[in-house]
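# Commentary on secondary and tertiary structure
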Amino acid sequence: MDGKNLFETRTTYRLIRLEYGLGLVIAAVFFFLHIDEVRWIPAIGLFVYIDLIGYIPGAVAYHRSRTKRIHRAYYVAYNVMHSLATQTLVVLAWIWLWGPEWALLVIPIHLFGDRALFGNFLKPFALDFEPVAHPAYARFTDQYATTPVTPVTRSAPAGEVTTAARQPQGS
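Residues numbered from 1 in each chain as written. Predicted model: local features only at pLDDT ≥ 70, side-chain atom pairs only at ≥ 80, totals over all residues. Heavy atoms only, no water.

Within the protein chain one finds seven helices and zero strands. Ordering the α and β elements of the protein chain from the N terminus gives α-α-α-α-α-α-α. The contacts in the protein chain between residues at least 6 apart in sequence include a share of 76% that link residues at least 24 apart. Accessible area for the protein chain stands at about 12400 Å²; split by element, carbon and sulfur atoms hold 66% of it. (Helix = DSSP H or I, 4+ residues; strand = E, 2+ residues; numbered from the N terminus. Contact = heavy atoms within 4.5 Å. Areas by Shrake-Rupley, 256 points an atom, 1.4 Å probe, with all protein chains shown as cover.)

Listed below in structure tokens is the structure:
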């Protein structure tokens, strides 16, 4: 994926999930190495509140909806609560108010687990709230998988030589 091709192939999607999986393992190892020091009420609350606010209301609305179209506010709530930026601010606020503690590791465990284990990332408005392949994306991936890879031809800016125009050196 890049700034001009905002999609993932199966391979790049799996690699991104693997990266989050590494983060999950690191956070879980530190959590379990200090399990005797974890305050369980904050740990459970911090782990659960993300989905209580960000996922469950949208999932209930989605499953109750006949059309499966739900208000954008559910997507916003999901994306805000499952954002690494938001949860970093929560952790920093917690540390400022009550000090650092091992229970805070449940936040990256939750977010990295969602991404690594379940493949859940932020939700765009145009897709169903729950994972359902969009017909246009399904067509695209079928076409992408069967299209041979060829270099993309483009005009080169003045003074730049494209790959196709380069001549072999030497000999």
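After that view of the structure, there is still more to cover.
So, on to the nonpolar core. Among the nonpolar cores identified, the biggest contains 18 residues, and Phe31, Leu46, Ile107 and Ile109 are the most heavily contacted of them. Elements represented by at least two residues in this core include exactly helix H1 (10-33), helix H2 (40-54), helix H5 (84-98) and helix H6 (106-118). Take this core: its biggest share by element is five residues, from H6. With sequence-adjacent residues up to four places away left out, Leu46 is seen in contact with Trp94, Ala103, Leu104, Val106 and Ile107. (Core = buried A, V, L, I, M, F, W, Y, C linked by side-chain atoms within 4.5 Å. Buried < 20%, exposed > 50% of the residue type's maximum accessible area, 1.4 Å probe, protein only.)

So, about the confidence of the model for the protein chain. In this model, the protein chain carries a mean pLDDT of 90, and residues with pLDDT of at least 70 account for 88%. Confidence over residues 164-168 falls short of pLDDT 50; this stretch has one contact with residues more than four positions distant or in other chains. (pLDDT = per-residue confidence, 0-100.)

Of note, Lys68 is a non-glycine position whose phi angle comes to about 70 degrees, a positive value. Residue class for Lys68 comes out partly exposed when judged on its relative accessible area of 26%.

Turning to the pattern of salt bridges, a few remarks are in order. Taken as a whole and judged by the stated rule, the model has two salt bridges. Where Arg39 meets Glu101, a salt bridge forms, and the shortest distance between an N and an O atom there is 2.9 Å. Placement of the pair is Arg39 in the loop between H1 and H2 and Glu101 in the loop between H5 and H6, with a sequence separation of 62 residues. On the basis of relative accessibility, which here comes to 45%, the residue Arg39 falls in the partly exposed class. Judged by its relative accessible area of 17%, Glu101 falls in the buried class. Salt-bridge contacts for Arg69 lead to Asp128; the nearest nitrogen and oxygen are separated by 3.7 Å. Taken as a pair, Arg69 in the loop between helix H3 (56-64) and helix H4 (72-81) and Asp128 in the loop between H6 and helix H7 (135-146) lie far apart in primary sequence, 59 residues in all. Judged by its relative accessible area of 43%, Arg69 is partly exposed. (Salt bridge = Lys/Arg side-chain N within 4 Å of Asp/Glu carboxyl O.)

What follows is about a nonpolar patch on the surface. A cluster of nonpolar side chains, namely Trp40, Ile44, Phe47, Val48, Leu52, Ile53, Ile56 and Val60, defines an oily patch on the protein surface of about 700 Å² accessible area. For the nonpolar patch, the elements supplying multiple residues, two or more each, are H2 and H3. Considering every element that reaches the nonpolar patch, the biggest residue donor is H2, with six residues. With respect to the helices and strands, Ile44 occurs in helix H2. (Patch = residues over 30% accessible without salt bridge, like charges linked within 9 Å, V, L, I, M, F, W, Y side chains within 5 Å.)

Glancing now at H1. For H1, with 24 residues, the first-to-last C-alpha span of 34 Å sits near the 34 Å given by 1.5 Å per residue. Those residues of H1 that sit buried are Gly21, Gly23, Leu24, Ala27, Ala28 and Phe31. Buried residues along H1 sit against H2 and H6. (Expected span 1.5 Å × (residues − 1).)

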